[in-house]
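Listed here are the chains, written in short residue letters.
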Amino acid sequence: MFRKEALEHQKWKSNAVLFSKIPSWLVFSISIFIMGSFILYVTFGSYTRREIVYGEVVMQPHPIILSASKSGYISESYIKINQLVKKGDPLFKITLDRITDSGNVGINSINTIKS
């Protein structure tokens, strides 16, 4: 595609040589020292502010988000406001029946199956 003379002109006629006043072993040594210092600082050093505080941790009461596994509506409440409850105590009765314009879907389904 190109003429032979154009391709020959693009070739390098010499080798690239990099000269530096700093010896490569010194650059390598400084680099290793900096990386090692950084690793030691991260591993053993303190890069956050530490404060020693004597006392105890007290949790403030806060509301808990409750959710049911199925959708429905609350038909009965077994607790009162600010009442203490224990694990496993029933809180609400959730009714899963769906009521539409044609009536209660659950009861209509049962009546359809019976007939």
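First things first, this report covers the structure right here in the doc.

Scoring rules and cut-offs
- Residues numbered from 1 in each chain as written.
- Predicted model: local features only at pLDDT ≥ 70, side-chain atom pairs only at ≥ 80, totals over all residues.
- Heavy atoms only, no water.
- 1 Å grid on protein atoms, 1.4 Å probe; cavity = no way out; pocket = protein on both sides within 12 Å on 5 of 7 lines; lining within 4 Å.
- Points joined across faces, edges and corners; volume = space filled by probe spheres on them.
- Nonpolar A, V, L, I, M, F, W, Y, C, P; charged D, E, K, R; others polar.
- Patch = residues over 30% accessible without salt bridge, like charges linked within 9 Å, V, L, I, M, F, W, Y side chains within 5 Å.
- Areas by Shrake-Rupley, 256 points an atom, 1.4 Å probe, with all protein chains shown as cover.
- Salt bridge = Lys/Arg side-chain N within 4 Å of Asp/Glu carboxyl O.
- Helix = DSSP H or I, 4+ residues; strand = E, 2+ residues; numbered from the N terminus.
- Buried < 20%, exposed > 50% of the residue type's maximum accessible area, 1.4 Å probe, protein only.
- Polar contact = N/O pair within 3.5 Å; in protein donor to acceptor, adjacent residues only side chain to side chain.

Describing the layout of surface pockets
Consideration 1: What the largest pocket holds in volume is close to 480 Å³.
Consideration 2: Together, 15 residues line the largest pocket, and His62, Pro63, Ile64, Gln83 and Val85 are the ones closest to its centre.
Consideration 3: Along the lines of polarity and charge, the residues of the lining of the largest pocket split into 10 nonpolar, four polar and one charged.

So, a nonpolar patch on the surface
Consideration 1: On the surface, Ile22, Trp25, Leu26, Val27, Ile30, Phe33 and Ile34 cluster together to form a nonpolar patch covering roughly 730 Å² of accessible area.
Consideration 2: Along the chain, Ile34 turns up in helix H2 (residues 24–44).
Consideration 3: By relative accessible area, which is 52% here, Ile34 ends up exposed.

Considerations on the side chain of Thr95
Consideration 1: Along the chain, the position of Thr95 falls in strand S2 (residues 92–95).
Consideration 2: Look at Thr95 and you get buried, because its relative accessible area is 13%.
Consideration 3: There is a polar contact of 2.8 Å between the side chain of Thr95 and the side chain of Ser75.

Let's talk about unusual backbone geometry
Outside of glycine, negative phi angles account for most residues, and trans bonds account for most peptide bonds.
Consideration 1: Of note, the phi angle at Asn82 is positive, near 65°, even though the residue is not glycine.
Consideration 2: Looking at the element boundaries, Asn82 is found in the loop between strand S1 (73–77) and S2.
Consideration 3: For Asn82, a relative accessible area of 77% puts it in the exposed group.

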